[in-house]
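Chains, contacts and geometry: an overview
Okay, here's what each chain looks like letter by letter:
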Amino acid sequence: FSRQHYKHYEDILANMCDERARMLQHQFAVSINHVHALAILVSTFYLRTYPSVLDQATFAEYTARTAFERPLMTGVAYAHRVRHSERDNFERLHGWTIKTMHSRETSPAYDEYAPTIFSQETINYLVSLDMMSGEEDRDNIFRTRASGKGALTRPFRVLESNHLGVVLTFAVYKELLPPEASIQERIEATAGYLGGAFDVESLVENLLSRLARSEDIIVNVYDITNSSEPLIMYGPEVFTGSTLLHTSALDFGDPYRKHHMQCRLSKKV
Ligand code: WA2
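Right, let's walk through the structure included here. (Residues numbered from 1 in each chain as written. Predicted model: local features only at pLDDT ≥ 70, side-chain atom pairs only at ≥ 80, totals over all residues. Heavy atoms only, no water.)

1. Here we look at the nonpolar core
- Core analysis: the biggest nonpolar cluster contains 51 residues, and Leu24, Phe28, Tyr78, Leu194, Phe198 and Met261 have the highest contact counts within it.
- Ranked by residues supplied to this core, first place goes to helix 1 (residues 3-47) with 14 residues.
- Core analysis: the next-biggest nonpolar cluster, separate from the first, contains 12 residues, Ala77, Met101, Leu129 and Ile141 among them. (Core = buried A, V, L, I, M, F, W, Y, C linked by side-chain atoms within 4.5 Å. Buried < 20%, exposed > 50% of the residue type's maximum accessible area, 1.4 Å probe, protein only. Helix = DSSP H or I, 4+ residues; strand = E, 2+ residues; numbered from the N terminus.)

Dropping the structure here:
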């Protein structure tokens, strides 16, 4: 490897990796903005109109028709906040019992639940599941309702597809909160949670494979929130012998999470 050859390949790799990082970051950003807008739509038309003008059919139609705004997401859904004291009435009203995510059995008693009541058709298996019964979703729910900002989970295998992905959650408040509202006021005003899953495994693959020369580069994305334990979010992970490595920064908008992309030239070049 002559020195100037090495420099030439380093520059090619850096440009290809930075371009892919920018594309991925942009797709996340536009999707996150639209999920935030959906949270406001639910607050406006479901919680602040009486009688409510939003129901499952309307939610399913609207989210299906606006799916193009949320690339990389398999679907979005709305989970309502139900306190234990409201559970009997809630279950009678909806005609089903609140179920735990993994056993699909009727949930044992908890202080509060987050059963999905509206969902895009693509993920309608979430309806009636208590989203607080999954650790990743529950952590998101606690963080987003306290901050009022969107929350991203660490990468994990999402329901049904079992693909590696991350979940985005926005709290939906029952009234307009002033920006200086306290954490306690935000928690009290929480009416539900709007979110969905980024199917990183298949939709990021789909995005990257459409790029030029995608066969010449190996891309991995990591959640490096805990720098001593990087979590793989996308990619083959196993690296062929290629020594050249480029790291591109990623910002998915949740200050609690840190990510980066690492690229190598595939051995063909
Ligand atoms: N959405 C889609 N697939 C999932 C998932 C999820 N969470 N969790 C595991 N697999 C109603 O609480 C926000 C988003 C659920 C929304």
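From this point on, the discussion continues.
2. Brief notes about the packing of aromatic side chains
- One pass over the structure, following the stated rule, counts eight aromatic pairs.
- On the numbers, 4.0 Å between centres and 25 degrees between planes, the contact of phenylalanine 28 with phenylalanine 252 is stacked. Remark: phenylalanine 252 occurs in the loop between strand 13 (245-250) and strand 14 (259-265) and phenylalanine 28 occurs in helix 1; sequence separation between them is 224 residues. The same class applies to phenylalanine 28 and to phenylalanine 252, which are both buried.
- Between the aromatic rings of tyrosine 46 and phenylalanine 118, the centroid separation amounts to 4.9 Å while the plane-to-plane angle is 75 degrees, which identifies the pairing as edge-to-face. In this pair, tyrosine 46 sits in helix 1 while phenylalanine 118 sits in strand 5 (residues 116-119), placing the two residues 72 residues apart along the sequence. When sorted by exposure, tyrosine 46 lands in the same class as phenylalanine 118, which is buried. (Phe/Tyr/Trp six-rings, centres within 6.5 Å; stacked < 30°, edge-to-face > 60°.)

3. Observations concerning the site of the ligand
- In the vicinity of the ligand there are 16 residues, among which Ala77, Asp137, Leu159, Val167 and Ala197 approach most closely.
- Measuring from a nitrogen atom of the ligand, one finds a side-chain N or O atom of aspartate 137 at 2.7 Å.
- Leucine 159 places a main-chain nitrogen or oxygen 3.0 Å from a nitrogen atom of the ligand.
- About the coverage of the ligand: the protein hides 99% of its 400 Å² of free accessible area.
- Of all the secondary-structure elements, those providing two or more residues to the shell around the ligand are strand 1 (73-80), strand 9 (164-173) and strand 10 (190-198). (Near = heavy atom within 4 Å. Polar contact = N/O pair within 3.5 Å; in protein donor to acceptor, adjacent residues only side chain to side chain. Areas by Shrake-Rupley, 256 points an atom, 1.4 Å probe, with all protein chains shown as cover.)

4. Thoughts on the environment of tyrosine 193
- Tracing the backbone shows tyrosine 193 in strand 10.
- Taking C-alpha positions, tyrosine 193 is 8.3 Å from alanine 77, a pair spaced 116 residues apart along the chain.
- When neighbours within four sequence positions are excluded, tyrosine 193 is seen to be in contact with Ala77, Tyr78, Ala79, Arg81, Glu112, Ala114, Ile141, Arg145, Thr169, Phe170, Ala171 and Val172.
- At 2.9 Å, the side chain of tyrosine 193 forms a polar contact with the side chain of arginine 145. (Contact = heavy atoms within 4.5 Å.)

5. What to know about the environment of arginine 154
- For arginine 154, the position within the fold is in the loop between strand 7 (151-152) and strand 8 (156-157).
- C-alpha of arginine 154 to C-alpha of arginine 138: the two residues are 16 residues apart in sequence and 12 Å apart in space.
- If near-sequence neighbours (up to four positions away) are discounted, arginine 154 is found in contact with Glu136, Gly165, Val166, Asp223, Leu231 and Arg257.
- Within the local environment of arginine 154, its side chain forms a polar contact with the side chain of glutamate 136, the two groups lying 2.8 Å apart.

6. Structural notes on the side chain of histidine 80
- By the element assignment, histidine 80 lies in strand 1.
- A residue is classified by how much of its surface remains accessible, and histidine 80, at 18% relative accessible area, is buried.
- Dropping the residues within four chain positions of it, histidine 80 is found in contact with Tyr46, Leu47, Phe90, Tyr113, Ala114, Pro115, Ile117, Ala191 and Gly192.

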